[in-house]
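Structural features, examined
Listed below, chain by chain, are the residues.
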Amino acid sequence: MRLSVDPRDGGVRLILPGRASIRDALRWVEGQRPWVEKALAALPLPQPIRAGETLHVAGEPLLIEIAARGRGVRREDGRLLVAGPEELVANRILRWLKAQAAERLEADTRRYAALAGVSIGRVSIGDPRARWGSCSSTGDIRYSWRLILAPPAVLESTVVHEVAHRLHMDHSPDFHAAVRKLLGRDPIAERAWLRAHGSALYWLGRDS
Ligand SMILES: [Zn+2]
């Protein structure tokens, strides 16, 4: 039996072997209650998107404010000015964040692909749970839009990782050497950042 708490959504999951008795399993889970409570208490904090909150966009802190005039979302002197009404603010900002992510990821991908001398297909964004990026055998690259919430070096090293897959479709020593050459360093700090803080990026836009 295996009990886990998903740091991306706080879901508690119990995996049972096919032959397990549900009653025994539930009794066992009851005994694990202190562990579950500790794991739940250690989850990232929900980060609602609303006026007065600060977002980190590509490393830059931006205070959300409702704009008196204008439409949509604009960035101005460390602020994110959003047209009201208040109940539309979160959706407007999410749309804006995804557009920022798409633009930056596309530009960085094309830049590194040119540097590596490889061709790239379509660059797109989504909200996958398991991976920050993926590269198909035909060169289409797909990223999590949430990378725009990470420090720029983390986004950049993810881009380099996917572009390097156009040279080596595996995680061999040759692949890692290509990453090192393109990025100019080993992305050790960036990988550590994603391990430590990556799951917190899934809590943006949640009220609880
Ligand atoms: Zn990979």
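Okay, so let's go over this structure.

Rules used in this analysis
- Residues numbered from 1 in each chain as written.
- Predicted model: local features only at pLDDT ≥ 70, side-chain atom pairs only at ≥ 80, totals over all residues.
- Heavy atoms only, no water.
- Helix = DSSP H or I, 4+ residues; strand = E, 2+ residues; numbered from the N terminus.
- Buried < 20%, exposed > 50% of the residue type's maximum accessible area, 1.4 Å probe, protein only.
- Contact = heavy atoms within 4.5 Å.
- Areas by Shrake-Rupley, 256 points an atom, 1.4 Å probe, with all protein chains shown as cover.
- Lys, Arg positive; Asp, Glu negative; His and termini not counted.
- Charge placed at Lys NZ, Arg CZ, Asp CG, Glu CD.
- Salt bridge = Lys/Arg side-chain N within 4 Å of Asp/Glu carboxyl O.
- Core = buried A, V, L, I, M, F, W, Y, C linked by side-chain atoms within 4.5 Å.
- Expected span 1.5 Å × (residues − 1).
- Pairing = 2+ DSSP bridges.
- Axes fitted to C-alpha atoms, helices over the stretch in contact; angles between N-to-C directions.
- Donors = N, O, S within 2.8 Å, 3.2 Å for Na, K, Ca; no water.

**Observations concerning the overall build of the protein chain**
Scanning the protein chain for helices and strands turns up 6 helices and 9 strands. For the protein chain, the spread of C-alpha atoms along the three principal axes comes to 60 × 55 × 25 Å. Looking at the 208 residues of the protein chain, the share that counts as buried comes to 37%. Restricting the contact set of the protein chain to residue pairs at least 6 apart, pairs at least 24 apart contribute 50%. Per element, the accessible surface of the protein chain, about 12000 Å² overall, is 52% carbon and sulfur. Each charge class in the protein chain can be summarised by its mean position, and for the 32 positive and 24 negative side chains these summaries are 3 Å apart.

**Here's the deal with the pattern of salt bridges**
Under the criterion given, the structure shown has 18 salt bridges. Across the salt bridge formed by Arg129 and Asp9, the nearest N and O atoms sit 3.5 Å from each other. Taken as a pair, Arg129 in the loop between strand S7 (123–126) and strand S8 (133–135) and Asp9 in the loop between strand S1 (2–5) and strand S2 (12–15) lie far apart in primary sequence, 120 residues in all. Judged by its relative accessible area of 37%, Arg129 falls in the partly exposed class. Relative accessible area serves as the criterion here: at 27%, Asp9 is assigned to the partly exposed category. Notably, a salt bridge pairs Arg79 with Glu76, separated by 3.6 Å at the nearest N-O pair. A residue is classified by how much of its surface remains accessible, and Arg79, at 25% relative accessible area, is partly exposed.

**A look at the nonpolar core**
Core analysis: the biggest nonpolar cluster contains 48 residues, and Leu55, Ile93, Leu97, Ile148 and Val163 have the highest contact counts within it. At the level of secondary structure, the elements contributing two or more residues to this core comprise strand S3 (54–57), strand S4 (60–67), strand S6 (79–83), helix H3 (86–116), strand S9 (141–144), helix H4 (152–164) and helix H5 (173–183). Take this core: its biggest share by element is 8 residues, from H3. Discounting residues that sit within four places of it in the chain, Leu97 has contacts with Leu55, Val57, Trp145, Ile148, Leu149 and Leu204.

**What about H4?**
Counted at 1.5 Å a residue, the expected span for H4 with its 13 residues is 18 Å, and the 18 Å between its end C-alpha atoms agrees. Every buried residue of H4 is accounted for by Val154, Leu155, Ser157, Thr158, Val159, Val160, Glu162, Val163 and Ala164. If you follow the buried residues of H4, they end up packed against H3, S8, S9, H5 and helix H6 (188–197).

**Some points on the sheet that holds S4**
Within the open sheet, the 4 strands sit side by side as S3-S4-S6-S5. Their pairing is mixed. Looking at strand neighbours, the two that pair on one side only are S3 and strand S5 (73–76), the edges of this open sheet. For this sheet, the mean angle separating the axes of adjacent strands, direction not counted, is 35°. Note: S4 against S6, 5 bridges, orientation parallel. When the bridges of S6 are listed, Ala67 appears paired with Ala83. Contacts between H3 and the sheet are confined to S3, S4, S5 and S6, with S6 contributing the most and set at about 125° to the helix.

**Focus on the coordination of the zinc ion**
Protein-derived coordination of the zinc ion comes from His161 (NE2), His165 (NE2) and His171 (NE2), at a distance range of 2.0 to 2.1 Å. One chain supplies every donor to the zinc ion, and in sequence these donors are spaced H-x3-H-x5-H. Placement of the pair is His161 in helix H4 and His171 in the loop between H4 and H5, with a sequence separation of 10 residues. Classification of His161 by relative accessible area gives partly exposed; the value is 25%.

These figures come from the coordinates and say nothing about function on their own.
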